[in-house]
Amino acid sequence: MDIGDMRREFESEGLDRDHLDDNPTRQFERWFHDAREAGLLEPNAMSLATTGSDGLPDLRTVLLKYFDDQGLVFYTNYQSRKARELEENPKAALLFPWIGLNRQVIVQGRVEKVSKTESLKYFASRPRGSQLGAWVSEQSQVITSRGLLEQKVAEIKQRFSAGEVPLPSFWGGYRVIPQRFEFWQGRPSRLHDRFEYLRQDDGWLIQRLQP
Ligand SMILES: Cc1cc2nc3c(=O)[nH]c(=O)nc-3n(C[C@H](O)[C@H](O)[C@H](O)COP(=O)(O)O)c2cc1C
């Protein structure tokens, strides 16, 4: 299959410093709003890159569940591969591939676990099936058959047949605390607009990058 000549012109409006919010979270919020309004599939899906002590970059998709000036939050299993890598090196990069809008946003920063209260609140808001699923999966561990997983589902359903499903001790959120944002807008003839926000002691330095 020849995919070398697959390309598309980016006919989008430009991005100017004057139109950027001084606060990257508010700029992100604007673009997130645009992605939702445009009906993009799962606009909160983001690639999460981590690197453990072996130095080999790792990548997977997770869902953004909350963001504010403190950072961007996702939830996962605290014993998963990503969790182990974040323990070894608590830094990550995120990428929102909003290709339908000719945009991408990249975030890099330090990572911390969210408070137990925050995880509890989010866990309680999840559908029961997802709550049970969190108990069932030893995420990222090898399993010899799907049958074993289904057997575990039955056991867990029985165990929590009455009442609420509690938050597993091995499950919760992480917050990526940004030290850099990049907002990328595709433009014709590959002369794309790129702006980065770099965290300073007293705010954010905003600068244009070459495409
Ligand atoms: C659209 C999409 C959304 C996902 N959201 C999450 C999520 O929010 N949390 C999560 O732990 N895994 C999520 N996954 C699964 C992860 O991509 C990944 O397979 C899993 O977290 C195990 O990753 P790890 O072995 O690198 O730790 C999602 C996958 C897709 C395709």
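On a predicted model such as this, the values are computed, not experimentally measured, just so you know.

Scanning the entire structure with this criterion turns up 20 aromatic pairs. With centroids separated by 5.2 Å and ring planes inclined at 80 degrees, the aromatic side chains of Tyr78 and Tyr174 adopt a geometry described as edge-to-face. Residue Tyr78 is located in the loop between strand E4 (71-77) and helix H2 (81-88), and its partner Tyr174 is located in strand E7 (residues 171-185); the two are separated by 96 residues in the primary sequence. Overall, the relative accessible area of 14% leaves Tyr78 in the buried class. The exposure class assigned to Tyr174 is buried, which follows from its relative accessible area of 5%. Taken together, a centroid distance of 5.4 Å and an interplanar angle of 65 degrees make the contact between Phe183 and Tyr197 edge-to-face.

Right, let's get into the UniProt feature "domain: Pyridoxamine 5'-phosphate oxidase N-terminal" (unreviewed entry) in the protein chain. Taking the UniProt record as the reference, the feature "domain: Pyridoxamine 5'-phosphate oxidase N-terminal" (unreviewed entry) is found at residues 33-158. Along residues 33-158, the helical share is 36% and the strand share 34%, with 41 Å between the first and last C-alpha atoms.

What follows deals with the layout of surface pockets. In this structure, the largest pocket occupies an estimated 320 Å³ of space. What lines the largest pocket is a set of 15 residues, and nearest its centre among them are Tyr75, Thr76, Arg126, Gln139 and Trp171. Elements with a contribution of two residues or more to the lining of the largest pocket: strand E2 (57-63), E4 and helix H4 (128-136).

Here we come to H2. Taken residue by residue, H2 has Lys82, Ala83, Glu85 and Leu86 as its buried positions. Buried residues of H2, viewed axially, fall in a sector of 165 degrees; they line one side. Residues of H2 that are buried make contact with strand E1 (45-51), E2, E4, strand E5 (91-98), strand E6 (103-113) and E7.

Conventions and cut-offs
Residues numbered from 1 in each chain as written. Predicted model: local features only at pLDDT ≥ 70, side-chain atom pairs only at ≥ 80, totals over all residues. Heavy atoms only, no water. Phe/Tyr/Trp six-rings, centres within 6.5 Å; stacked < 30°, edge-to-face > 60°. Helix = DSSP H or I, 4+ residues; strand = E, 2+ residues; numbered from the N terminus. Buried < 20%, exposed > 50% of the residue type's maximum accessible area, 1.4 Å probe, protein only. UniProt positions renumbered as here; feature names shortened; annotations may be inferred. 1 Å grid on protein atoms, 1.4 Å probe; cavity = no way out; pocket = protein on both sides within 12 Å on 5 of 7 lines; lining within 4 Å. Points joined across faces, edges and corners; volume = space filled by probe spheres on them. Arc of directions from axis to C-beta. Contact = heavy atoms within 4.5 Å.

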